[in-house]
Amino acid sequence: MTFTGIEMAAIAKLAITMANADGKVEKKELAYIALELARFGVKDSDPILKGAMEMDSTTALSIVEKMTNEEKRYVTAYLGTLMAVDGKIDGKELALWKLTSSICNLPEMNISEAIEIIKNM
């Protein structure tokens, strides 16, 4: 699976929003975002992150909504795993995951399934 630069920026936008949902972005969350960018071969994350910061949420959601089922499965798992990376799942993060999943027509899964999917990639 590969993503275009704009798709990576959209995914990063959702990830940054998720990390900030509880009002504080933890170092573990930032490290996980960087790790996932590296997984997809991004050597310099600055352009992707700059694009994510400049992108409005509606655009990011629209881009993700148009992805293939396999790509959507990854996005769902990624966001679910990001929520759990700091060891605590905030209710606001969970609500945002559900809302994003609904808006983008992402597949349903629980946190354990999300972690398992990412682990097996």
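Placed above this text is the structure.
Positions within a chain are numbered from 1, following the residues in the order the chain's sequence is written. Local features are withheld for residues below a pLDDT of 70 in this predicted model, meaning they are given only at 70 or higher, and side-chain atom pairs are given and counted only at 80 or more; totals for whole chains, interfaces and linings count all residues. Computation of side-chain values: all heavy atoms of the structure, hydrogens and water removed.

Bringing helix α1 (residues 5–19) into the picture now. Relative to the 21 Å expected for 15 residues at 1.5 Å per residue, α1 spans 21 Å between its end C-alpha atoms, a close match to the ideal helical length. Per-residue accessibility, obtained with a 1.4 Å probe over protein chains only, is compared with the maximum for each type, and a residue is labelled buried under 20%, exposed over 50%, and partly exposed between these values. Helix and strand labels come from DSSP, where a helix needs a run of H or I of at least four residues and a strand needs a run of E of at least two; each type is numbered from the N terminus. Restricting attention to buried positions, one finds in α1 the residues E7, M8, A9, A10, I11, A12, K13, L14, A15, M18 and A19. The contact criterion used throughout is that any non-hydrogen atoms of two residues lie within 4.5 Å. In the core, the buried residues of α1 are packed alongside α2 (27–39), α3 (46–54), α4 (57–65), α5 (69–84) and α6 (91–104). Expected helix span is given by 1.5 Å per residue-to-residue step, counting one fewer step than there are residues.

So, about the side chain of D86. As for its placement among the helices and strands, D86 is situated in the loop between α5 and α6. By the counting scheme adopted, Arg and Lys are positive, Glu and Asp are negative, and His together with the chain ends is not counted. A pairing counts as a salt bridge when a side-chain nitrogen of Lys or Arg comes within 4 Å of a carboxyl oxygen of Asp or Glu. No salt bridge is formed by the buried D86, whose closest oppositely charged neighbour, K88, lies at an N-O distance of 4.3 Å. Pairing of N or O atoms within 3.5 Å defines a polar contact, subject to two protein rules: one partner must be a possible hydrogen donor and the other a possible acceptor, and residues neighboring in sequence count only if both atoms are side-chain atoms. A polar side-chain atom of D86 sits 3.2 Å from the main-chain amide nitrogen of K88. If near-sequence neighbours (up to four positions away) are discounted, D86 is found in contact with D22, E26, K28 and E29.

Our next topic: the packing of aromatic side chains. Stacked, edge-to-face and tilted are the three classes for Phe, Tyr and Trp ring pairs, Trp counted by its six-membered ring, which pair at centre distances within 6.5 Å; planes under 30 degrees apart are stacked, over 60 edge-to-face, the rest tilted. If you walk through the whole model with that rule in mind, you get 5 aromatic pairs. With 5.7 Å between their ring centres and 45° between their planes, F3 and Y74 make a pair best called tilted. Here F3, found in the segment before α1, pairs with Y74, found in helix α5; they are 71 residues apart in sequence, far enough to count as distant. As far as the burial class goes, F3 and Y74 line up, both buried. A centroid spacing of 5.6 Å and a plane angle of 10° characterise the contact between Y74 and Y78, whose relative ring orientation is stacked.

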